[in-house]
Amino acid sequence: MLDFSKNYFELFGLPISYVIDADQLAERYLDLQRVMHPDRYAKGSEQERRLSMQGSIQINEAYETLRDPIRRARYLLSLKGIDMDLQKETTQDAAFLMEQLELREKLAGAHNQPDPCGFISTLMTDINRRITSLVGQMAVQFEAATPEQLEAAREILRKMQFLQKLRYQAESLEAELDEAL
Amino acid sequence: MALLQLSEPGQSAAPHQHRLAVGIDLGTTNSLVASARSGKAETLPDDNGRHLLSSVVRYTSDGVIVGEEAKAQAVLDPLNTIVSVKRLLGRGVEDVKTLGSRLPYQFQQQRSAVPRIHTVAGDVTPVEVSAEILKTLARRAERSLGGELEGVVITVPAYFDDAQRQATKDAARVAGLEVLRLLNEPTAAAVAYGLDHGSDGVHAIYDLGGGTFDISILRLKRGVLEVLSTGGDAALGGDDFDRVVAEWIMQQAGIDDSADHEMLRRLMRDACSAKESLTTAAVAPLLVDLGNGGFWEGELTRERFDQLVEPLVRKTLVPCRRALRDAELRVEEIEDVVLVGGSTRVPLVRELVGEFFHTRPLADIDPDRVVAIGAAVQADVLVGNKSDEEMLLLDVIPLSLGIETMGGLVEKIVPRNTTIPVARAQEFTTFKDGQTAMAIHVLQGERELVSACRSLAHFELRGIPPMVAGAARIEVTFSVDADGLLSVEAREKSSGVQASVLVKPSYGLTDSEIEGMLRDSIEHAAEDLEARRLREQQVAANRSIEALRAALADDGEKLLNKEEYQLIEDQLGKLVEVYGSSDHQAIKQQIDTLEKVCEFYVERRMNASVSKAMTGHSVKDFE
């Protein structure tokens, strides 16, 4: 049974930090799943199966959250008492918003490109690069985590959210093109 | 120790006796059953030494015939002989229409969403047809292994959606089998290879079967097989190769589209054998019976065949590309690509796949058997024949899950390639003032538009207290279990009003329908329902007794005080007593009582195992 009151960092026995040792995280994750996964209780009682499923779900959720730089930032902020309503919050950075608009227009025009799939693929690489650069900026904010820096982290997260949404849309368009083949 | 004084229940299995569990590859064209014995997994042959069972079921007025004998009659009796039923499994009447107007069956016209095929033995659903195949294989295994099966692992294409998985599980229930796990076919193949090669690294599994295509990218590391991404096409396979060849023959031989069922079946058969001989030969001669006493003679060259099927083979490379990207890997990082499924025997498939992955594809385990072998290995682990040190599988959901929001758009709640089991929640709110109900439409797929995704279920949350628009907080939780099956729950947070569904898709059968089918099939087998129930409860009781004894011996004295130990032991003793009776209800009751009494102990044991894992001690350190 898992102690659900532990935060995700405690669950994996890791220090609370934005910069994370990915190998160590993966190792702890596997150690926990090895004992908790429902496959270990396939022939167990109903209670064992239920508990192992709940525990395994929690471990997966914790792992996905800490592994993904965007979710990890949001989680860390929430541990610091900043809960964001990302559906309502949006960045006011005009230059960034302008760039987003351009990226969005590019995506919308993918249909008319000679190689739409290749075009989307390049665009996605570009989106991923932008996210990676924000991840670097985010790490700096969490080093000392002063109130000003946490506010800055929040702003970076809003931007990450934008890019992530765009990535989803690109994926959807790509799926549409694949199906048309 | 006191424990040893308890009498062994009836003819129960000794604590370390090998439990019988098998892996079943329920294929579109052929099915197999395999079992792991003395460390080696093997497919099991029938009395004639054949391992492959043709997935063909023929209904006659005096019984059901499954396999080669049924297949032999497919051309003569097309309406009562069901082939490739897997293509219909978990599909709705509407889907079946789009699968091709050339399906040679008579579908029963009715309101039900589940297609029913009319045969001389009555109307049958794809679930029942599949159950016949499962039963045949289970009987073969029980004869060959000399005992009753405790459970089965059934493989499904990774790309199977929720409805298709549910239908597969339903088929097992109708066949009277306990499903330990539904296992994705490529993952099963990886298990078979992983054991054989024991090589850590990233592997691609390319699985082209009779009717489905799957690609999976997996990482094997220190005994954990982690699926990184998966993709595919649930309606693309070797049957499609046959179809394009058959169409080409029709064109060449001047056969028009109005050809009858029998003619179409013959053409498909001829096309299939031409395809098979082109695996090694450069030219396949054709002699087509035109049905009017005349014949058409011709030949199909490898070159022409390659031209015909190339677009289909290229179509499989699209999901390959996407799976790589989802796994965030470049093609160079893939160590090797493993070929699975009979259709990977086609030389052009090998050529194009090798070209794509920049490596010569591996096919050293028979591609027809590798899936069943992997399933057998996993069945052996799940049923408890192997120690905890064994391999662990971490699989993913193949398709994103979401719900319909305003404007016919899909809000994704669980994205594809998320590791299972998983639960994700999202909050929604009301749209109108005083709104007291909310319709929830569950969808599966990658597209943004509802109309382009697969509809899995509709349900309603009622009794929301009237509030102004936007004030209610409705939390929708999606849970996907280790079989990849979804359940959805909706709850209004301020009032606690709740509604939930185990997603029984629009195309599924109800529980009572399945019960009915099970009853029919038991009656058919002239078996006594009561006797069956008793046996089931005895098996369950035996399992509880064994598991609890092993647990007590392992850590009972460490985790329990004297009174607790005594309490559990008393209830265990009562179960052993009632085990020998013929009262299945009493047995069931005592199993439930025992489990209830043991709840705190089970929790302590799980806690202990988590602590052990986290302090880095292996189980051995505590012994």
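### Description of the nonpolar core
If you look at the biggest cluster of nonpolar residues, it comprises 57 residues, and the most contacted ones within it are F12, Y18, L77, M138, F142, L157 and M160 of chain A. Sorting elements by how many residues they give to this core places helix α7 (residues 147-180) of chain A first, with 11 residues. Discounting residues that sit within four places of it in the chain, L157 of chain A has contacts with I70, A73, R74, L77, M84 and M138 of chain A. Ranked by size, the runner-up nonpolar core spans 51 residues in total, among them F241, V245, A253 and V309 of chain B.

### As for the packing of helix α6 (residues 238-253) of chain B against helix α7 (residues 261-277) of chain B
Residue and element names in this part refer to chain B. Between α6 and α7, the least distance of the axes is 8 Å, while the angle of their chain directions is 110°. Looking at the two axes, α6 sits roughly perpendicular to α7. For α6 against α7, the interelement crossing comes out right-handed. Residues G238, D239, F241, D242, R243, V245, A246, I249 and M250 of α6 lie in contact with α7, whose contacting residues are L264, L267, M268, A271, C272 and K275. Tallied by class, residues from the contact of α6 with α7 come to 10 nonpolar, 1 polar and 4 charged.

### Remarks on unusual backbone geometry
Residue and element names in this part refer to chain B. Cis peptide bonds are those with omega within 30 degrees of zero, and the linkage from I420 to P421 qualifies with 0°. Tracing the backbone through its elements, the reader meets P421 in the loop between β20 (409-414) and β21 (422-428). Backbone geometry places R222, a non-glycine residue, at a positive phi of 45°. Residue position: R222 is located in the loop between β13 (213-221) and β14 (224-233). Judged by relative accessible area, R222 falls into the partly exposed class, the value being 42%.

### Overview of the sheet that holds β14 of chain B
All names here are of chain B. Taken in spatial order, the 5 strands make up an open sheet running β17-β12-β13-β14-β18, and their pairing is mixed. Two strands lie at the open edges of the sheet, namely β17 (336-340) and β18 (392-394), each paired on one side alone. The average angle at which neighbouring strand axes cross in this sheet is 25°, direction not considered. Both strand β12 (residues 201-208) and β13 contribute to a ladder of 8 bridges, which runs antiparallel. Paired with A204 across the two strands is I217, which belongs to β13.

### Structural notes on the pattern of salt bridges
Residue and element names in this part refer to chain B. Enumeration over the complete set of coordinates arrives at 52 salt bridges over all chains. For the salt bridge of R491 with E475, the shortest nitrogen-to-oxygen distance reads 3.6 Å. Taken together, the positions of R491 in strand β25 (residues 486-492) and E475 in strand β24 (residues 474-480) put the pair 16 residues apart, joining distant regions of the chain. Look at R491 and you get partly exposed, because its relative accessible area is 27%. Since its relative accessible area comes to 19%, E475 is described here as buried. Residue D555 is joined to R605 by a salt bridge in which the shortest nitrogen-to-oxygen separation is 2.9 Å. Of this pair, D555 sits in helix α12 (residues 529-559) while R605 sits in helix α15 (residues 599-614), and the two are 50 residues apart along the sequence. D555 sits in the buried class, given a relative accessible area of 7%. Connected through salt bridges with shared partners, the residues R87, D239, D240, R243 and E247 form a single ionic network.

### A short note on the pairing of β21 of chain B
Sheet faces and side chains relate simply in a regular strand, where the side chains alternate between the two faces. Residues and elements named next belong to chain B. With burial as the criterion, only one face of β21 is covered, namely that bearing V422, R424, Q426 and F428; the residues A423, A425 and E427 on the opposite face remain uncovered. As paired elements, β21 and β24 share 7 bridges and run antiparallel to each other. For A425, the partnering residue across the bridge sits in β24 and is T477.

### Focus: the confidence of the model for chain B
All names here are of chain B. Per-chain confidence: chain B averages 85 in pLDDT, with 87% of residues scoring 70 or above. Every residue in residues 1-15 scores below 50 in pLDDT, and together they form 27 contacts with partners more than four places removed in sequence or on other chains. Counted against residues more than four places away or in other chains, residues 617-623, with its pLDDT under 50, gives 7 contacts. Two summary scores accompany this predicted model of the complex, namely pTM at 0.82 and ipTM at 0.85.

Cut-off values and rules
- Residues numbered from 1 in each chain as written.
- Chains lettered and ligands numbered in written order.
- Predicted model: local features only at pLDDT ≥ 70, side-chain atom pairs only at ≥ 80, totals over all residues.
- Heavy atoms only, no water.
- Core = buried A, V, L, I, M, F, W, Y, C linked by side-chain atoms within 4.5 Å.
- Buried < 20%, exposed > 50% of the residue type's maximum accessible area, 1.4 Å probe, protein only.
- Helix = DSSP H or I, 4+ residues; strand = E, 2+ residues; numbered from the N terminus.
- Contact = heavy atoms within 4.5 Å.
- Axes fitted to C-alpha atoms, helices over the stretch in contact; angles between N-to-C directions.
- Parallel < 35°, antiparallel > 145°, perpendicular 65-115°, else oblique.
- Left-handed = near helix turned anticlockwise from the far one by under 90°.
- Nonpolar A, V, L, I, M, F, W, Y, C, P; charged D, E, K, R; others polar.
- Pairing = 2+ DSSP bridges.
- Salt bridge = Lys/Arg side-chain N within 4 Å of Asp/Glu carboxyl O.
- pLDDT = per-residue confidence, 0-100.

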